[in-house]
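Structural overview for review
For reference, the chains in residue letters:
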Amino acid sequence: MPFREINSKMVEAVLAPGRKVFSQRGAMLAYRGEVSFTPNIQGGQGGLASMIGRRVAGEAVPLMTVEGSGTVMFGHGGHHVQVIELSGDTLYVEADRLLAFDGTLRQGTMFMGSQGGVMGMVRGQVSGQGLFTTTLTGHGSVAVMAHGGVVELPIAPGREVHVDPQAYVAHHGEVRNKLSTAVGWRDMVGRGSGEAFQLELSGSGAVYVQASEEKL
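Residues numbered from 1 in each chain as written. Predicted model: local features only at pLDDT ≥ 70, side-chain atom pairs only at ≥ 80, totals over all residues. Heavy atoms only, no water.

1. As for the nonpolar core
What tends to happen in soluble globular proteins is that the nonpolar side chains get buried as a cluster. The biggest cluster of nonpolar side chains holds 17 residues, and the ones touching the most others in it are L91, F101 and V142. Not counting residues up to four positions away in its chain, the partners in contact with V142 are F3, Q82, V83, I84, L86, L91, L98, A100, F101, L105 and L136. Counting 16 residues, the second largest nonpolar core, distinct from the first, contains V21, V66, V72 and A100. (Core = buried A, V, L, I, M, F, W, Y, C linked by side-chain atoms within 4.5 Å. Buried < 20%, exposed > 50% of the residue type's maximum accessible area, 1.4 Å probe, protein only. Contact = heavy atoms within 4.5 Å.)

Below is the structure:
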């Protein structure tokens, strides 16, 4: 496994010549061996287009390119860390929840409205999360951060999952998202949690949910 979970708040990556990892700036806790850390201005494997997209999306979270020969431990802010393995599919995740990811994965940006229509845009405005979501595609590992632990909920045809938008961490698979309201618009004033809004995820895949609604 490219990332090994040391405990609930730390992961370790083994680096070898030719292998590269991207991490959030400030995520390195310790390392052994000959390892270099370089500010990344290309937006990961997504190149210039990914970098521009992330800046437009307001998700220009600084990345570091980590390479060499040795082991590196990552963690950030005492947040819970969850490792997600990708086997050719795409992970959709908020940029500020990315701790580190395998250099083999291609990074991009998706406009939430393209999946949820107008309601997808409303989700970004109401929940405080961006209208854009970072995508990671390919074969490799991703370490994401969350508050209070993470649970993976399967999504299957006819078995959609409803999630508090602020508890949402990431999802993968052939999944569509739609924001629905549990109460009338007049009653929603001043509310931003799942009591008023529910993110409905349908299709085939999985969604990762954190135990706390607190933003990173």
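And the narrative resumes.
2. Topic: the pairing of strand 13 (residues 197-210)
When you tally the buried positions in strand 13, you get 10 out of 14 residues, the bulk of the element. Relative to strand 13, strand 10 (residues 150-155) runs antiparallel, the two sharing six bridges. Each residue of the ladder has a partner; that of V151, found in strand 13, is V209. Pairing geometry for strand 11 (residues 161-163) and strand 13, over three bridges, is antiparallel. Among the inter-strand pairings, H162 is bridged to a residue of strand 13, identified as E200. (Helix = DSSP H or I, 4+ residues; strand = E, 2+ residues; numbered from the N terminus. Pairing = 2+ DSSP bridges.)

3. Focus: the pattern of salt bridges
The tally for this structure, following the rule as stated, stands at three salt bridges. Among the salt bridges present, the one from R4 reaches E12, with a minimum N-O distance of 3.1 Å. Relative accessible area serves as the criterion here: at 45%, R4 is assigned to the partly exposed category. The partner of E12 in a salt bridge is R32, with the nearest N and O atoms 3.2 Å apart. Taken together, the residues E12 in strand 2 (residues 10-15) and R32 in strand 4 (residues 28-40) connect sequence positions 20 residues apart. By sharing partners, the salt bridges in this structure join R4, E12 and R32 into a single network. (Salt bridge = Lys/Arg side-chain N within 4 Å of Asp/Glu carboxyl O.)

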